[in-house]
Amino acid sequence: MELLKILESKAKIRFQDCDPFNHLNNASYFNYLINAREDQVLANYKLDIYDHGKETGKSWVVGSHQIAYLKPATLMETVTIESQLINYGAKNLFVEIRMFNEAKTELKAIMWSSFVYFNLLTLSSDKHPEDLLTLFENVVLPVKQTTFEERTQSLRFQKV
């Protein structure tokens with residue numbers, strides 16, 4: 001069975017996550033995007049990062065986030081969220097997550113996130129085991145652009 005490289009799910013924008021203009025609050029984008037990625041990885045790759053942490057004493061911590069807010073997501077709107085692994089190394093992952101309107105005709109936000117594989121017992125970074133490296137090799141889908149700004153510009157004017 002071939003593993004999907006671009007993962008997709010839907011979410012509904014909820015009242016408690018919106019500002020007084022009924023737009024998704026800037027900080028809430030992170031929750032929607034990261035929660036979608038966690039759910040997608042579990043559903044598509046059968047990788048529960050919390051079980052993994054309990055079993056191995058290792059998990060991923062955020063290294064950095066870069067986000068561009070392109071169009072507002074609004075109260076009770078259903079959005080489509082796509083994510084993909086765009087690069088990885090012995091100790092890190094680099095993920096792109098995109099939020100669209102439900103029909104995927106309008107890009108609302110894009111985020112690049114780096115994650116560091118972290119040993120919770122030694123409190124230091126650690127190397128990914130071979131089984132995870134094999135998964136990453138099978139699902140990685142690099143992008144052409146090398147900077148977040150280039151990627152955002154490329155997607156902003158791309159016909160979806």
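Structure's up top.
Residues numbered from 1 in each chain as written. Predicted model: local features only at pLDDT ≥ 70, side-chain atom pairs only at ≥ 80, totals over all residues. Heavy atoms only, no water.

What's the story with the overall build of the protein in this structure? I'm lost.
A count of helical and extended segments in the protein gives 4 helices and 6 strands. Overall, the protein shows an N-to-C arrangement of helices and strands of β-α-α-β-β-β-β-β-α-α. In terms of overall size, the protein behaves like a compact globule, its C-alpha atoms giving a radius of gyration of 16 Å where 160 residues would be expected to give roughly 15 Å. Its C-alpha atoms give the protein principal-axis dimensions of about 45 × 35 × 30 Å. (Helix = DSSP H or I, 4+ residues; strand = E, 2+ residues; numbered from the N terminus. Rg over C-alpha atoms; globule rule 2.2 N^0.38 Å.)

Can you help me understand the environment of Lys5 in this one?
As for its placement among the helices and strands, Lys5 is situated in the segment before strand 1 (7-12). In this structure, the C-alpha to C-alpha distance between Lys5 and Ser83, residues 78 residues apart in sequence, is 8.4 Å. Residues contacting Lys5, with those up to four places away along its chain left out, are Tyr45, Ser83, Gln84, Asn138, Val139, Val140 and Leu141. (Contact = heavy atoms within 4.5 Å.)

So what exactly am I meant to see when it comes to unusual backbone geometry here?
When glycine is set aside, most residues are seen to have a negative phi, and most peptide bonds are trans. Of note in the backbone geometry, Lys46 takes a positive phi value of approximately 55 degrees without being a glycine. Within the element layout of this structure, Lys46 appears in the loop between helix 1 (26-45) and helix 2 (49-56). Residue classification places Lys46 among the exposed residues on the basis of a relative accessible area of 66%. One non-glycine residue, Leu123, lies in positive phi territory at about 55 degrees. Taking relative accessible area as the criterion, Leu123 reaches 61% and is therefore assigned exposed. (Buried < 20%, exposed > 50% of the residue type's maximum accessible area, 1.4 Å probe, protein only.)

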